[in-house]
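This is what each chain is made of:
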Amino acid sequence: MLIKIKKSSDIPSSEITPESVYYSRRDFMRGVGGIAIGSAAGGLISQAALAEGDKTAAELNLASKPAWLAQKISQRKPVPASGPFVTVDAKTPYSDVATYNNFYEFGTDKADPSNRAKHFAVDPWSVEVAGECNKPGKYTLEDILKPHTLEERVYRLRCVEAWSMVIPWVGFSLGDLLKRFEPSANAKFVEFQTLLDPKQFPEQSSRFATIHWPYVEGLRMDEAMHPLAIMAVGLYGDAMPAQNGAPIRLVVPWKYGFKSIKSIVRIKFRSDMPTNTWKDLQPSEYGFYANVNPAVNHPRWSQATERRLPASLFMPQRVETRPFNGYADEVESLYTGMDLRRNY
Ligand code: MTE
């Protein structure tokens, strides 16, 4: 995702994380079967999710969570046996989901978020609701979650960098949340904003950061109301690790991962289309819609195929990318009549 001032000697941004190093470490460490974990999170992560030799859940920074949230997560509805909320694809092990991250506030390397998010504070947390709605205000995380039953959803996550994962999220319908704030007829779009806190996010005070903080994202209202779009507060049956966007993030599975903004502190209903961080940085490369589309390549990454993580040099796990990340039956009708080559 990195935008850099171009020099002919520049290595492609996809190689900034030395993936060969990552792969060989993973190959070396990955074994069969799980190990028992003694985790600060209460051992809720399934043992099979951690491969032998991997770090424990505690080392992987499971975010600290208040007791009420732990209880709420434990009462979540299981994923349905079939339908779009689940996939037959194998789940990506927890240890990959929590160590191979894009969270630029912590750094640009895939390992930076899990290494640097150890003390990220998520309690107390509140979300400001603003703009075109009848119920603006500041809501605590508990207020936000109170009326919602949490559910498990197993979704594919497809990054524009052409890697993908399959993640069992714990969350609830974004549409159900937004309805509670009674958006007005003028609310055509909804904007989301990540926490701005340079004390916690080292890159927000870096002189070399290219992103204009805070990270922002947006959806059209009908996209936001779609049943596949969720607010997630956990994964693998436990609280969200800080590096994955604790305590609350968006998950929009038919769009490239950059739409799924992390650590949200503000939701604003708008009559006009908001900007989004990557489009703001490089509009020729990243758009507002960002629907997964194998027919439209990014200048640096072909979008025809993806590496399903965990992959290795010897097991590249290349799979064909599907339109809308395989969710076309559910969401294609949102874009009837739109030229998706122009609206990338
Ligand atoms: N949200 C914020 N605030 N900052 C980011 O850098 N990266 C995005 C998205 N949300 C990002 C973010 C990108 S590019 C991707 S692919 C996903 O988060 C990655 O989510 P994951 O690390 O949980 O896999």
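Residues numbered from 1 in each chain as written. Predicted model: local features only at pLDDT ≥ 70, side-chain atom pairs only at ≥ 80, totals over all residues. Heavy atoms only, no water.

1. Details of the environment of Thr321
Its place among the elements puts Thr321 in the loop between strand S12 (318-320) and helix H9 (328-331). Setting aside residues up to four positions removed in sequence, Thr321 forms contacts with Arg158, Val292, Pro294, Gln303, Ala304, Thr305 and Glu306. Separated by 2.9 Å, the side chains of Thr321 and Arg158 make a polar contact. (Helix = DSSP H or I, 4+ residues; strand = E, 2+ residues; numbered from the N terminus. Contact = heavy atoms within 4.5 Å. Polar contact = N/O pair within 3.5 Å; in protein donor to acceptor, adjacent residues only side chain to side chain.)

2. Considering the site of the ligand
If you check the shell around the ligand, you find 17 residues, and the closest are Asn101, Tyr104, Glu105, Arg249 and Lys262. Ser260 has a polar backbone atom sitting 2.9 Å from a nitrogen atom of the ligand. One of the side-chain nitrogen or oxygen atoms of Lys262 is found 2.7 Å away from an oxygen atom of the ligand. In isolation the ligand has 540 Å² of accessible area, and contact with the protein removes 100% of it. Residue classes in the shell around the ligand are distributed as eight nonpolar, six polar and three charged. (Near = heavy atom within 4 Å. Areas by Shrake-Rupley, 256 points an atom, 1.4 Å probe, with all protein chains shown as cover. Nonpolar A, V, L, I, M, F, W, Y, C, P; charged D, E, K, R; others polar.)

3. What about the nonpolar core?
Counting 91 residues, the largest nonpolar core has Phe192, Met231 and Trp254 as the members making the most contacts within it. No other element matches the six residues that strand S4 (residues 163-173) contributes to this core. Residues within four places of Trp254 in sequence aside, it is in contact with Glu223, His226, Leu228, Ala229, Asn291, Val292, Phe324, Asn325, Tyr327, Val331, Leu334 and Tyr335. (Core = buried A, V, L, I, M, F, W, Y, C linked by side-chain atoms within 4.5 Å. Buried < 20%, exposed > 50% of the residue type's maximum accessible area, 1.4 Å probe, protein only.)

4. Describing the sheet that holds strand S6 (residues 216-220)
Adjacent strands of a sheet pair through backbone hydrogen bonds, lying either parallel or antiparallel. Read across the sheet, five strands follow the order S2-S1-S10-S5-S6 without closing on themselves; strand pairing throughout is mixed. Only two strands of the sheet have a single neighbouring strand rather than two, namely strand S2 (137-140) and S6. Put simply, the sheet's adjacent strands are angled 20° from each other on average, direction ignored. As paired elements, strand S5 (residues 189-194) and S6 share five bridges and run antiparallel to each other. Residue Glu191 lies in a different strand from S6, and its bridge partner there is Gly218. (Pairing = 2+ DSSP bridges. Axes fitted to C-alpha atoms, helices over the stretch in contact; angles between N-to-C directions.)

5. What about the pattern of salt bridges?
Under the criterion given, the structure shown has 18 salt bridges. A salt bridge links Lys259 to Glu217; its shortest N-O distance comes to 2.7 Å. Note that Lys259 is positioned in the loop between strand S9 (249-251) and strand S10 (264-270) and Glu217 in strand S6, a separation of 42 residues in sequence. Of the two residues, Lys259 and Glu217, both sit in the buried class. Through salt bridges with shared partners, one network takes in Asp89, Arg156, Arg158, Glu306 and Arg308. (Salt bridge = Lys/Arg side-chain N within 4 Å of Asp/Glu carboxyl O.)

6. Some words on the environment of Thr149
Of note, Thr149 is situated in the loop between helix H5 (141-145) and strand S3 (151-158). Put simply, Thr149 and Arg76 are 73 residues apart on the chain and 6.5 Å apart in space, counted from C-alpha to C-alpha. When neighbours within four sequence positions are excluded, Thr149 is seen to be in contact with Lys77, Gly171 and Phe172.

7. Re unusual backbone geometry
In the segment running from Trp213 into Pro214, the intervening peptide bond is cis, with an omega of 0°. Relative to the elements of secondary structure, Pro214 occurs in the loop between S5 and S6. Along the chain, Ala246 connects to Pro247 via a cis peptide bond; the corresponding omega equals -5°. Within the fold, Pro247 resides in the loop between strand S8 (238-239) and S9. One non-glycine residue, Ala162, lies in positive phi territory at about 75°. Turning to its location among the elements, Ala162 is positioned in the loop between S3 and S4. In this model, Asn325 sits at a positive phi of 55°, which is unusual for a non-glycine residue. Structurally, Asn325 is set in the loop between S12 and H9. Its relative accessible area of 2% is what places Asn325 among the buried residues.

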